Amino acid sequence: MEEKEIYKGLAGVPIDYTAISKVNAETNSLLYRGYPVQELAASKTFEEVAYLLWNGELPSESELTAFNERTRPLRKLDPRVAAAVDALPLDAHPMDVVRTAVSVIGSLDKDAWTLTENLSKAEALFAQIPAVVARDHRRRKGLEPVEPSSHLNYAEDFLWQTFGEEPEAAVADAFRVSLILYAEHSFNASTFTGRVIASTLSDIYSAVTGAIGALKGPLHGGANEAVLHIFNEIGFGPGAKERVKVWLDNALATKRKIMGFGHRVYKSGDSRVPTMRDAMVKMIEHYGRADVLELYEALEEDFVSRKGIYPNLDYPAGPTYHLMGFETEEFTPIFVAARVTGWTAHIIEQVENNALIRPLSVYNGVPERHVL
Ligand code: CMC
């Protein structure tokens, strides 16, 4: 076997520069273009954060108006994209639906290869993904799609298209916070996938489609869905502590991974969790579901005390989306809607200063041999 060091999972290996975000495990902080994500979540709309990620600066009032005037009319799906969504089986996973829809959107763009136009393509994807997720939500329930609005902001319109009612301010606000926290996280697996695809000078839709595939896995974005599966296994309602103990004894004895806990970079807690937890608690109070908080805290306390592994963003995000009325399988597509901003910012950055991403491997198969 060759004697070369390998970096399994690229753990701890910096592979390029980025000016988009900074994840700092030592100070437990996350900056988008220099701004702490908590500050953005406290006061900015998701549109402003998307603009920041793409352009490097927050928009002025007139820039934001122009951005909204440009992107709101793009919210409506092309009938061919709508038809493609409707043609998929009703039991297809919503992540497969959103992945397919992005592929179809790309196939309709005659200028898909025009890499210099990637920002306007990114804006269109940002505008359209909520319509895909919402249409899919409604068709499964036998409901007609709801036309996107032109007067609601992104977070409000997403909820409007999904549930067919203008959302209460508290709900729209918790949703906005979750989208901002999910928007960007440096070279995570899905962003890296997108950058690898972009590095071949493939088109932005292919890169985003690949990123969606990477996000689907339960070790990455699929964890928000997996958290709810765990909560359902343990069971809602009063008296969570005892049920959690029994469930966790069994899960750890069978070496199960506890989804929503742990992180490749953050080892002493995910900097986004306190903000998302606050948003979750507001929803728990709003919907009068103290049992959800009891379960959330019981599992966190028990698992952290046994393993010293802390919750990541998916842990409070999953229950929050559940309380809002989203189906469990729709949680990761919401993550797609948010992260498409970060992905496309990275795809643009990759193309602007490109090097084909092509690492080496160390061969450990059979030694050279011959057929004759
Ligand atoms: N449950 C049980 N054990 C865990 C967990 C967990 N959630 N996370 C880490 N460990 C253990 C792991 O079994 C291993 O133990 P040992 O050394 O005895 O084999 C040790 O901790 C190191 O884990 P690792 O998987 O090698 O560490 P990593 O840095 O590669 O893993 C991770 C990071 C996110 C893949 C892992 O923590 C995990 O699988 N968590 C559950 C899935 C999850 O919540 N993913 C979301 C990640 S963050 C947000 C996002 O991207 O969506």
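No experiment lies behind these values; they were computed from the predicted model shown.

Rules used in this analysis
Residues numbered from 1 in each chain as written. Predicted model: local features only at pLDDT ≥ 70, side-chain atom pairs only at ≥ 80, totals over all residues. Heavy atoms only, no water. Helix = DSSP H or I, 4+ residues; strand = E, 2+ residues; numbered from the N terminus. Expected span 1.5 Å × (residues − 1). Buried < 20%, exposed > 50% of the residue type's maximum accessible area, 1.4 Å probe, protein only. Arc of directions from axis to C-beta. Contact = heavy atoms within 4.5 Å. Axes fitted to C-alpha atoms, helices over the stretch in contact; angles between N-to-C directions. Parallel < 35°, antiparallel > 145°, perpendicular 65-115°, else oblique. Left-handed = near helix turned anticlockwise from the far one by under 90°. Near = heavy atom within 4 Å. Polar contact = N/O pair within 3.5 Å; in protein donor to acceptor, adjacent residues only side chain to side chain. Areas by Shrake-Rupley, 256 points an atom, 1.4 Å probe, with all protein chains shown as cover. 1 Å grid on protein atoms, 1.4 Å probe; cavity = no way out; pocket = protein on both sides within 12 Å on 5 of 7 lines; lining within 4 Å. Sits in = over half its atoms within 2 Å of the grid points. Nonpolar A, V, L, I, M, F, W, Y, C, P; charged D, E, K, R; others polar. Pairing = 2+ DSSP bridges. Phe/Tyr/Trp six-rings, centres within 6.5 Å; stacked < 30°, edge-to-face > 60°. Points joined across faces, edges and corners; volume = space filled by probe spheres on them.

Engineer: I'd love a proper account of helix α12 (residues 240-253), names of residues and values included.
Structural biologist: An ideal rise of 1.5 Å per residue puts 20 Å on 14 residues; α12 measures up with 20 Å between its terminal C-alpha atoms. Those residues of α12 that fall on the buried side of the exposure criterion are Ala240, Val244, Trp247, Leu248 and Ala251. The buried residues of α12 occupy an angular sector of 100° when the element is viewed end-on, so they sit on one face. Opposite the buried face of α12, by more than 90 degrees, sit the exposed residues Glu242, Val246 and Ala253. Here the buried face of α12 lies against α11 (223-234) and α14 (290-307).

Engineer: Give a detailed account of the packing of helix α2 (residues 46-55) against helix α16 (residues 331-352), specifying residues and quantitative values.
Structural biologist: Running from N to C, α2 and α16 cross one another at 20°; their axes reach a closest spacing of 8 Å. Here α2 lies roughly parallel to α16, going by the angle between them. Note that α2 runs across α16; the crossing there is right-handed. Taking contact as the criterion, the partners of Phe46, Ala50, Leu53 and Trp54 in α2 are, on α16, Ala337, Ala338, Thr341, Gly342, Thr344 and Ala345.

Engineer: I'd like a rundown of the site of the ligand, residues and numbers included.
Structural biologist: Taken together, 20 residues lie near the ligand, and His220, Lys257, Ile258, Gly260 and Asp314 sit nearest. Interatomic distance of 2.9 Å between a backbone N/O atom of Leu219 and a nitrogen atom of the ligand. Take His220: an N or O atom from its side chain is 2.7 Å from an oxygen atom of the ligand. If the ligand stood free it would expose 920 Å²; the protein chains cover 65% of that surface. With respect to the detected pockets, the ligand is housed in the largest pocket. Of the residues that constitute the shell around the ligand, the class distribution is nine nonpolar, six polar and five charged.

Engineer: Explain the environment of Leu119 to me, and be specific about the residues and the numbers.
Structural biologist: The topology assignment puts Leu119 in helix α6 (residues 118-140). The class of Leu119 is partly exposed, set by a relative accessible area of 31%. Through-space distance from the C-alpha of Leu119 to that of Thr344 is 7.8 Å; in sequence the pair is 225 residues apart. In contact with Leu119, other than residues within four places in its own chain, are Trp54, Asn55 and Ile348.

Engineer: Just give me the short version of the pairing of strand β2 (residues 29-32), but keep the residues and values in it.
Structural biologist: On β2, burial follows the alternation: Leu30 and Tyr32 on one face are buried, whereas Ser29 and Leu31 on the facing-out side are not. Judged from the four bridges that link them, strand β1 (residues 21-24) and β2 form a sheet pairing that is antiparallel. Across the sheet, residue Lys22 finds its bridge partner in β2, namely Leu31. Counted along the chain from β1 to the antiparallel partner β2, the turn is four residues long, and its residue Asn28 has a positive phi close to 50°. Pairing of β2 with strand β3 (residues 35-36) involves two bridges; the strand directions are antiparallel.

Engineer: Provide a residue-level description of the packing of helix α13 (residues 273-287) against helix α15 (residues 314-324), including the pertinent values.
Structural biologist: Look at α13 against α15: their axes get within 9 Å of each other, and the N-to-C directions meet at 25°. Looking at the two axes, α13 sits roughly parallel to α15. Of the two elements, α13 crosses α15, and the hand of that crossing is left-handed. Between α13, through Val273, Met276, Arg277, Met280, Met283, Ile284 and Tyr287, and α15, the contact on the second element is made entirely by Pro316, Ala317, Pro319, Thr320, Leu323 and Met324. In terms of residue class, the contact of α13 with α15 is made up of eleven nonpolar, one polar and one charged.

Engineer: Explain the packing of aromatic side chains to me, using residue names and the numbers behind them.
Structural biologist: In total, this model carries 21 aromatic pairs according to the counting rule given. Measuring from ring centre to ring centre gives 5.9 Å for Phe46 and Phe126, while their planes differ by 35°; the resulting arrangement is tilted. Note that Phe46 is positioned in helix α2 and Phe126 in helix α6, a separation of 80 residues in sequence. For the pair Phe46 and Phe126, a shared accessibility class is recorded, and that class is buried.

Engineer: Got a sec to walk through empty space enclosed by the protein? Specific residues and values, please.
Structural biologist: Enumeration over the complete set of coordinates arrives at one cavity of 30 Å³ or more. Taken together, Glu47, Asn68, Thr71, Arg72, Arg75, Phe126 and Tyr154 make up the lining of the largest cavity. A class-by-class count of the residues in the lining of the largest cavity yields two nonpolar, two polar and three charged.

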